[in-house]
Amino acid sequence: MENLLASTIDTNSQPPLNGATAATAPVLQLTNIEKVYQTATIETVALNRVNLTINRGEFVSIMGPSGCGKSTLLSLMGLLDEPTSGTIEVDGRPVQSYSDKELAGLRNLKIGFVFQSYHLINDLSVLDNVELPLLYRPKLSGRERRQRAVAALDKVGLSARTGHFPSQLSGGQRQRVAIARALVGGPEIILADEPTGNLDSVMGEEIMDLLLGLNKTEGVTIVMVTHDIQQAMKTGRVVRFFDGSQVG
Amino acid sequence: MLRHLFTLIWNRKRSNLLLISEIFFSFVVLFGVGAVVITTAKNYLAPHGFNYEQVWRLQVRAGQGLTMPRAELDDVLRQVKALPGVQTVALTSGNTPFIFNNNNSFFGYKDKQSPLTNVYDADDHYATAMQLQLREGRWFAPADDGSNHRPVVISQDLRESLFGNEPALGKIFTYSKPDKVTKPEDEFVVMGVVEKVRMESDFSAPISSLWKRLIPFDTTHWETANVLVRVAPGSGGLLQEKIARTVASVTRQWTTEVRVMNDERINRRRYTLVPVVGLAIIGLFLIINVALGLFGVLWYNISQRRAEIGLRRAMGATGASIGRQFLGEMMVVTTFGVLLGGLLAAQFPLLHAFDQPAQPYLLAIAAATGAVYLITALCAWQPSRLAAAIHPAVALREE
């Protein structure tokens, strides 16, 4: 199973352009990032001059009070939003000039998302949910998609639940499905927005162990937003935010 | 992706049932209207089988409770024919083309029975006055005076139903009666066959027709005589006045009325068009309602699925591919509705419903399919564009 996942990553990743070795190269670099939400009357600074480097294989926690800009930062890292100013580099390549199509391709190949509220499609089976990112890779055959989805579910211990629907699963199982969906495309980085936020402590621990295991055994880079200091302390680095600014 | 869309729609079949029903009913309405319109248009484009231009209908009435002797009537016909500008005069029955008056019956030959057939009385000059197109044999002539059976000329479609590929000329047939007992005057001998005719209206299909010869020395007294007058091009009110005066010169008791057949055709066309236009308007309103419904449902669907849109964008979908997905989903839902409607509509050509050939039904199925896909695509276009424009970060945050 590990081999399958590894081969997926190898197939889809691109070599770093700056010539750095894969182990130490920054997979994601944010330089002087500002994000300002502007309405007719109010200007809200969500992020203020943020500089952050995520290296390959790191597990980084982002902490801070509500409204400090954590989720905005994650959206920017996930190329779902554009900064007001500053640059974002993925594998050493600035992405601000990328078209919608190029950004979508980059998200599909390099980034996996895990959300607090799982974001599973209730009308699709577990297997179909996990297959979702692969649907946007037209070169993959249906059979290959299915094989990869089963392998990803196997990795999170849910290969016996492929035909179930999200409503038939517990919260922890749903989050495992979401993690399998994030893994299925063999991304270089997983962005997890409070992945244990909706779970009780036992299930939260299970999910945390799963993410730690993926980071250690598979070398998957993970950036996780969390409010839980204990979980954050288990990760390699903690980045703290307050009022849109990086404070530690 | 198509398989994914089918899976998604199938798994959401309950919530899509309303949409599928709407599309099914739209298809059925469009098919019905389409079948009527196509049949009507097809009929309109077909030849009438006679020439109504420059033909007038002269109606001579003897008066309430009075009859006109045949000899006097023949005198009137002779005098009218002698008028400058009059080319032919023909005596016929009251069911002249394009008026709301018909006379029909069933006929039988051996074990074959005709469809309901229009029956006209016609004298020896009728074919010339109407410019009927003779296919076989000849029109009535004085030589038929001695015939033992009633000479008739039949239309091609009546010939096909009674005689098939066998020769028709000289064949004797009768009214279709269960007891098979016929009077000698009800035995008809085929003298000729003319092309199919459409004498009801511009939009009616050809109807089997039969012309019985009016015998010149018949002594029957007439209350009303219907005369077809073929006139020279350019003839107008002056000639109509002359005809009226000519009739009056024979006897002042008789009244006359001259109608232009082309005017009667246009009048009849209006009557025929009214229900067709009415049906089309009702269909149009239904379709507009359905379109607005579809538009609303899709709009609502998109607002309910913002999180899914955000998720798909995060997973690698472009804005354009989100738009295409929603459009594609609508097309899949439409396919379910069209398949159900098509299943129903297919029964019409298979069963030859309303005695119509299969072709108009098949054309109507094709037209309804195209129209339904076009309507749903138009209705889905704007909501799909809206879906494509949803900002993924905003959509995901809302959840």
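For clarity, every value in this text was computed on a predicted model and none was experimentally measured.

A. View of the overall build of chain B. When helices and strands are tallied, chain B shows 12 helices and 13 strands. Taken over C-alpha atoms, the radius of gyration comes to 31 Å for chain B, far larger than the 21 Å a tight globule of 399 residues would show. Each principal axis of the C-alpha distribution contributes one length, and for chain B these read about 100 × 50 × 35 Å. When the 399 residues of chain B are sorted by exposure, 36% land in the buried category. Restricting the contact set of chain B to residue pairs at least 6 apart, pairs at least 24 apart contribute 83%.

B. Looking closely at the pairing of strand β8 (residues 221-225) of chain A. Residues and elements named next belong to chain A. Taking burial as the measure, the 5 residues of β8 include 5 buried ones, the bulk of the element. As defined by bridge partners, strand β3 (residues 59-63) adjoins β8 across 4 bridges and the pair is classed as parallel. Bridge assignment links Val60 to a residue of β8, and that residue is Val223. Both strand β7 (residues 189-193) and β8 contribute to a ladder of 5 bridges, which runs parallel. Each residue of the ladder has a partner; that of Ile189, found in β8, is Thr221. Following the chain from β7 across helix α7 (residues 201-218) to the adjacent parallel β8, one finds a crossover that is right-handed.

C. Main features of the UniProt feature "transmembrane region" (unreviewed entry) in chain B. Cross-referencing UniProt, the feature "transmembrane region" (unreviewed entry) maps to residues 16-38, 273-302, 330-349 and 361-381 of chain B in the present numbering. Spanning residues 273-302 of chain B, this segment combines 100% helix with 0% strand, and its end C-alpha atoms are found 42 Å apart.

D. Representation of the UniProt feature "domain: ABC3 transporter permease C-terminal" (unreviewed entry) in chain B within the structure. Here, UniProt's "domain: ABC3 transporter permease C-terminal" (unreviewed entry) annotation points to residues 281-391 of chain B. As annotated, residues 281-391 of chain B comprises 88% helix and 0% strand, and the C-alpha atoms at either end are separated by 41 Å.

E. Region of interest: the interface of chain B and chain A. Counting from both sides, the interface comprises 22 residues of chain B and, opposite them, 24 residues of chain A. Where the side of chain B that touches chain A is concerned, the elements lending two or more residues are α1 (2-11), α8 (306-315) and α12 (392-398) of chain B. Counting residues per element, the side of chain B that touches chain A draws most heavily on α8(B), at 6 residues. Here the side of chain B that touches chain A is composed, by residue class, of 10 nonpolar, 6 polar and 6 charged.

F. Region of the structure containing helix α6 (residues 237-250) of chain B. Residues and elements named next belong to chain B. With 14 residues, α6 should cover 20 Å at 1.5 Å per step; its first-to-last C-alpha distance of 20 Å lies within 8% of that length. Turning to α6, its buried residues are Leu239, Ile243 and Val247. Angularly, the buried residues of α6 cover 80° about the axis, an arc narrow enough to put them on a single face. Opposite the buried face of α6, at more than 90 degrees from it, the exposed residues are Gly237, Leu238, Glu241, Arg245 and Ser249.

G. Broad picture of the sheet that holds strand β2 (residues 43-55) of chain A. Residue and element names in this part refer to chain A. The strand order β2-β1-β4-β5 describes an open sheet built from 4 strands, whose pairing is antiparallel. Strands at the two margins of the open sheet, each flanked by one partner only, are β2 and β5 (93-94). Across 5 bridges, the pairing between strand β1 (residues 26-38) and strand β4 (residues 85-90) is antiparallel. Bridging from a neighbouring strand, Thr31 pairs with Thr87 of β4.

H. View of unusual backbone geometry. A positive phi angle, near 60°, is found at A:Leu79, a position not held by glycine. Within the secondary structure layout, A:Leu79 lies in the loop between α2 (70-77) and β4. Exposure remark for A:Leu79: the 24 C-beta atoms within 10 Å place this residue in the buried category. Despite not being glycine, B:Gln54 shows a phi value in the positive range, around 65°. Its place among the elements puts B:Gln54 in the loop between α2 (13-45) and β1 (55-61). For B:Gln54, a count of 19 C-beta atoms within 10 Å corresponds to the partly exposed category.

I. Structural view of the sheet that holds strand β9 (residues 237-242) of chain A. Residues and elements named next belong to chain A. Pairing is mixed across the open sheet formed by 6 strands, whose spatial order is β6-β7-β8-β3-β9-β10. Because the sheet does not close on itself, it has two edges, and the strands there are β6 (111-114) and β10 (245-246). Pairing geometry for β6 and β7, over 4 bridges, is parallel. When the bridges of β7 are listed, Val114 appears paired with Ala192.

The rules behind the values
Residues numbered from 1 in each chain as written. Chains lettered and ligands numbered in written order. Predicted model: local features only at pLDDT ≥ 70, side-chain atom pairs only at ≥ 80, totals over all residues. Helix = DSSP H or I, 4+ residues; strand = E, 2+ residues; numbered from the N terminus. Rg over C-alpha atoms; globule rule 2.2 N^0.38 Å. Buried ≥ 20, exposed ≤ 12 C-beta atoms within 10 Å, placed from the backbone. Contact = placed C-beta atoms within 7 Å. Pairing = 2+ DSSP bridges. Right-handed = clockwise from strand over helix to strand, strands pointing away. UniProt positions renumbered as here; feature names shortened; annotations may be inferred. Nonpolar A, V, L, I, M, F, W, Y, C, P; charged D, E, K, R; others polar. Expected span 1.5 Å × (residues − 1). Arc of directions from axis to C-beta.

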